[in-house]
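# Results of the structural survey
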Amino acid sequence: MSAAPAAPRTESADHTDLLLTPPVPRAGWRLLPARVGAMCAVELQKLRHDRTELYTRAVQPALWLLIFGQTFTRIRAIPTGGVPYIDFMAPGIIAQSAMFIAIFYGIQIIWERDAGILNKLLVTPTPRSALITGKAFAAGVKSLIQAVVVIVIAAILGVALTWNPLRLLGVAAAVVLASAFFSCLSMTIAGIVISRDRLMGIGQAITMPLFFGSNALYPVSVMPGWLQAVSKVNPLSYQVDALRGLLLGTPSHLGADFAVLAVAAALGIAAASSLLGRLAR
Amino acid sequence: MTQPEEQDPGPGRTTDESTGVADGGAEGVADAVSCASLSYAFGDTKAVDGLDLAVREGEVFGLLGPNGAGKTTAIRCVTTLLPVPAGKVRVFGHDAAKERMAVRRLLGYVPQQLSADQGLTGRENVALFARVFDVPRRERAARVAQALAADRLAGTYSGGMIRRLELAQALVSAPRLLILDEPTIGLDPIARTGVWEHINAVRAVTGMTVLVTTHYMDEADQYCDRVGLMHRGRIRALGTPAELRRGLAEHQGTDTLPTLEDVFRAIAGSGLDDTSGGGFRDVRSTRRTAHRVG
Ligand SMILES: Nc1ncnc2c1ncn2[C@@H]1O[C@H](COP(=O)(O)OP(=O)(O)OP(=O)(O)O)[C@@H](O)[C@H]1O
Ligand SMILES: [Mg+2]
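Residues numbered from 1 in each chain as written. Chains lettered and ligands numbered in written order. Predicted model: local features only at pLDDT ≥ 70, side-chain atom pairs only at ≥ 80, totals over all residues. Heavy atoms only, no water.

The next thing to look at is the packing of helix H3 (residues 122-132) of chain B against helix H5 (residues 159-171) of chain B. Residues and elements named next belong to chain B. Closest axis-to-axis distance for the H3/H5 pair is 8 Å, and the angle between their directions is 25°. Between H3 and H5, the crossing angle belongs to the class labelled roughly parallel. Once H3 is placed against H5, the crossing between them reads as right-handed. Each of Gly122, Asn125, Val126 and Phe129 in H3 lies in contact with H5, whose residues at this interface are Leu165, Ala168 and Gln169. (Axes fitted to C-alpha atoms, helices over the stretch in contact; angles between N-to-C directions. Helix = DSSP H or I, 4+ residues; strand = E, 2+ residues; numbered from the N terminus. Parallel < 35°, antiparallel > 145°, perpendicular 65-115°, else oblique. Left-handed = near helix turned anticlockwise from the far one by under 90°. Contact = heavy atoms within 4.5 Å.)

All names here are of chain B. Within the open sheet, the four strands sit side by side as S2-S1-S4-S5. Their pairing is antiparallel. The open sheet is flanked by strand S2 (45-55) and strand S5 (94-95), the only strands paired with a single partner. Across five bridges, strand S1 (residues 33-42) lies against strand S4 (residues 86-91) in antiparallel orientation. Paired with Ser39 across the bridge in S4 is Ala86. (Pairing = 2+ DSSP bridges.)

A few words on the coordination of the magnesium ion (ligand 2). In an ideal tetrahedron of four donors about a metal, each angle is 109.5 degrees. In an ideal octahedron of six donors, the angles are 90 or 180 degrees. Every protein donor of the magnesium ion (ligand 2) is accounted for by B:Thr72 (OG1) and B:Gln112 (OE1), and the metal-donor separations fall at 1.8 to 2.2 Å. Of this pair, B:Thr72 sits in helix H1 (residues 71-78) while B:Gln112 sits in the loop between strand S6 (107-110) and H3, and the two are 40 residues apart along the sequence. (Donors = N, O, S within 2.8 Å, 3.2 Å for Na, K, Ca; no water.)

Attention shifts here to helix H8 (residues 196-212) of chain A. Residue and element names in this part refer to chain A. With 17 residues, H8 extends 25 Å between its outermost C-alpha atoms, agreeing within 8% with the 24 Å of an ideal straight helix rising 1.5 Å per residue. Among all positions in H8, only Leu199, Gly203, Thr207, Leu210 and Phe211 are buried. Residues of H8 that are buried in the fold lie against helix H2 (52-75), helix H3 (85-103), helix H4 (105-114), helix H7 (165-193) and helix H10 (235-248). (Expected span 1.5 Å × (residues − 1). Buried < 20%, exposed > 50% of the residue type's maximum accessible area, 1.4 Å probe, protein only.)

Residue and element names in this part refer to chain B. Spatially, six strands are ordered S6-S7-S8-S3-S9-S10 in an open sheet, and the strand pairing comes out mixed. Single-partner strands in this sheet number two, and they are S6 and strand S10 (234-239). Averaged over all pairs of adjacent strands, the angle between their axes in this sheet comes to 15°, without regard to strand direction. Both strand S3 (residues 60-64) and strand S8 (residues 209-213) contribute to a ladder of four bridges, which runs parallel. Within the sheet, the bridge partner assigned to Gly62 lies in S8 and is Val212. Relative to the sheet, helix H6 (residues 189-206) contacts S3, strand S7 (177-181) and S8, its axis offset from that of S8 by approximately 160°. Its contacts with the sheet place helix H8 (residues 241-252) against strand S9 (226-231) and S10, and it is angled at close to 100° to S10.

This part covers the UniProt feature "transmembrane region" (unreviewed entry) in chain A. Residues and elements named next belong to chain A. Mapped onto the present numbering, the UniProt feature "transmembrane region" (unreviewed entry) falls on residues 54-73, 93-111, 144-163, 169-194, 206-227 and 258-277. Segment residues 169-194 splits into 96% helix and 0% strand. End C-alpha atoms: 36 Å apart. Secondary structure content for residues 206-227 is 45% helix and 0% strand, while the C-alpha to C-alpha distance between its ends is 15 Å. (UniProt positions renumbered as here; feature names shortened; annotations may be inferred.)

Let us now look at the packing of aromatic side chains. Per the stated rule, a full pass over the model turns up 10 aromatic pairs over all chains. Put simply, the rings of A:Trp64, A:Phe68, A:Phe72, A:Tyr85, A:Phe88, A:Phe211 and A:Phe212 pair up and form one aromatic cluster. Above the face of the A:Phe88 ring, A:Arg244 is positioned so that its terminal group lies 3.6 Å from the ring centre. Over the ring of B:Phe92 we find B:Arg176; its NZ or CZ atom is 3.9 Å from the centre of that ring. (Phe/Tyr/Trp six-rings, centres within 6.5 Å; stacked < 30°, edge-to-face > 60°. Lys NZ or Arg CZ within 6 Å of the ring centre and 35° of its normal.)

Residue and element names in this part refer to chain B. In terms of burial, S7 is a largely internal element, five of the five residues being buried. What you see with S7 is no split at all: Leu177, Ile179 and Asp181 on one side and Leu178 and Leu180 on the other are buried throughout. As paired elements, S6 and S7 share four bridges and run parallel to each other. From the neighbouring strand, Gly108 faces S7, where its bridge partner is Leu178.

Before going further, it helps to examine the pattern of salt bridges. Proximity of charged atoms lets side chains of opposite charge pair with each other. Following the criterion strictly, the structure yields 23 salt bridges over all chains and no others. One salt bridge in this structure joins B:Arg192 and B:Asp218, with 3.3 Å as the shortest N-O distance. Taken together, the positions of B:Arg192 in helix H6 and B:Asp218 in helix H7 (residues 217-223) put the pair 26 residues apart, joining distant regions of the chain. Between B:Glu219 and B:Arg192 there is a salt bridge, with the nearest N and O atoms lying 2.7 Å from each other. You can see B:Glu219 sitting in helix H7 and its partner B:Arg192 sitting in helix H6, a full 27 residues away along the chain. By relative accessible area, which is 3% here, B:Glu219 ends up buried. Judged by relative accessible area, B:Arg192 falls into the buried class, the value being 14%. Where salt bridges share partners, they join A:Arg26, A:Arg35, B:Arg105 and B:Asp134 into one cluster. (Salt bridge = Lys/Arg side-chain N within 4 Å of Asp/Glu carboxyl O.)

Right, let's talk about unusual backbone geometry for a bit. All names here are of chain B. The phi dihedral of Ser37 falls on the positive side, at around 35°, and the residue is not glycine. Turning to its location among the elements, Ser37 is positioned in strand S1. Not every positive phi belongs to a glycine, and Phe92 is a case in point at roughly 50°. Note that Phe92 resides in the loop between S4 and S5.

Next up on the list: the pairing of S3(B). Residue and element names in this part refer to chain B. The buried fraction of S3 amounts to five of the five residues, a majority that puts the element mostly inside the structure. Where burial is concerned, the two faces of S3 agree: the one with Val60, Gly62 and Leu64 and the one with Phe61 and Leu63 are both buried. Relative to S9, S3 runs parallel, the two sharing four bridges. Paired with Phe61 across the two strands is Arg226, which belongs to S9.

UniProt's feature table lists "domain: ABC transmembrane type-2" (unreviewed entry) at residues 52-279 of chain A, given in the numbering used throughout. As annotated, residues 52-279 of chain A comprises 80% helix and 0% strand, and the C-alpha atoms at either end are separated by 29 Å.

Time to look at the interface of chain A and chain B. Taken together, the contact pairs 51 residues of chain A with 59 residues of chain B. Sorting the residues of chain A by area buried against chain B places A:Leu19, A:Lys120 and A:Val123 first, and these three jointly supply 16% of that buried surface. Taken together, the connections running from chain A to chain B amount to five salt bridges. Where A:Lys46 meets B:Asp117, a salt bridge forms, and the shortest distance between an N and an O atom there is 2.8 Å. At the junction of chain A and chain B, the tally comes to 16 residue pairs in polar contact (both at pLDDT 80 or more). Going through the elements one at a time, helix H1 (31-49), H4, helix H5 (117-122), helix H6 (128-156) and helix H11 (254-280) of chain A are the ones with two or more residues in the side of chain A that touches chain B. With 11 residues, H1(A) is the largest single contributor of residues to the side of chain A that touches chain B. Class assignment of the residues belonging to the side of chain A that touches chain B gives a composition of 25 nonpolar, 16 polar and 10 charged. (Buried area = accessible area lost by both parts, 1.4 Å probe. Polar contact = N/O pair within 3.5 Å; in protein donor to acceptor, adjacent residues only side chain to side chain. Nonpolar A, V, L, I, M, F, W, Y, C, P; charged D, E, K, R; others polar.)

Following this line, the structure appears as structure tokens:
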């Protein structure tokens, strides 16, 4: 143990002068961005250590675009408003594959709970809502990387996407907001069922209805009335609409889309935060 | 030193008071931890049942007791992980139910279960805790390095290394109170000594208070200034290890000084009792974690 705190003995592992003073707490509004940053950094570090998930998750969207997209482009069965079908569906597949990541994010929080990691985080000066917001944005970061991969695949398959940086920024925002919502949905369910297996089952059960009950694969106009109603309350539809408008330049409702996504994300964060206490017990 | 508090805007939660000034007495006078008739029940199980406890500033306090005595539950109330449904819990004068952020800033916590994130390196594990305790970026690397020696993926660590890593996580924020729930469970004798020596080395410099639970009576005897023997949710005996041993000797009228283990047996009873069931779950899950990460 170092007796003289000032002496810079870099060799010694026991040197602890910094550990004598507690850090100065961040005040008020600066707390939330700091916690969000911490959670996102952890997510990126994990992805850097284990990239297999990145590769395996690229397979499904590639298949959707390659097989479904190219086939339906030929059939011309779906009215897409003039764009090739594969172009039409590409934003849908981006949104879908990002949603798949977010909807299973709750499994990670249950795993962290079972491993005792969550408990330790809850004993740090991190309000529960800040922890959930951090996790939601960390899921957003993960989804964003997935979205980049799918955009690259789509571009390779010849989809005519925009490269306008401002529009791509909008795409990133839409992906992060929607993933924040879906991951909070997942963490909310996690707070209710508190079991990885059950959450996995529920996740499997709701992803396909969310996907098919949206405008990802076909425009709302060809849906039967009841499905149109489903699509209307499905945040995925608003995400797809925004992505389509931004990436392809097709007519869309960007203002409404972003408003719905932001409100959904905020509600999701509130719901998941209020149930986080159940995971701490 | 008094820390300013942040607000906890969690929905449906009481908001922390906005000043850091403790209402429970002046600086240095307040106990590090004080529990007054703390009770906590899981359904019908009264895990903690009217616990009164005072941990003095600067001491190493050992909370002992059989499996299921309520040690972990009491600690989880002190750490703000569990609400305080009945009674009062204060940490350096801050109410654990109302000033949760202020309490957390003063705490370092190592839970019973071995818990490091296996997907991160040791350094990243500690850095995360530096970040969430608001260690500024320029100081972070140095602080983490001082808290930690080894660095590789935590998934490859042994049980003893994980505990040392967890200690580093808990100490990186320079806590005034270190709470350790069975820090040496499942560790070999050398690792156990290592953990204790590390704690004592840090304590010698920082003067922090330590609240620890353990089932190893020899450890409690050697390293704790005072111990409280808990049984069925309440403290049944309190004092320095020597006092408790002498007390038992007087009670039994023996000349040879009994060990702390004898004291434990006298108070907790030798056979299995009805409250001993639940602890098994914790022990098992610790073993499982040790197996998985180690
Ligand atoms: N999450 C829980 N749900 C239901 N009952 C619980 C829970 N946690 C603890 N208990 C019960 O509360 C009682 C006290 O448990 P606790 O874990 O506090 O004991 P302990 O003294 O820490 O035991 P050990 O030495 O085995 O760690 C036990 O009867 C246990 O079964
Ligand atoms: Mg315990």
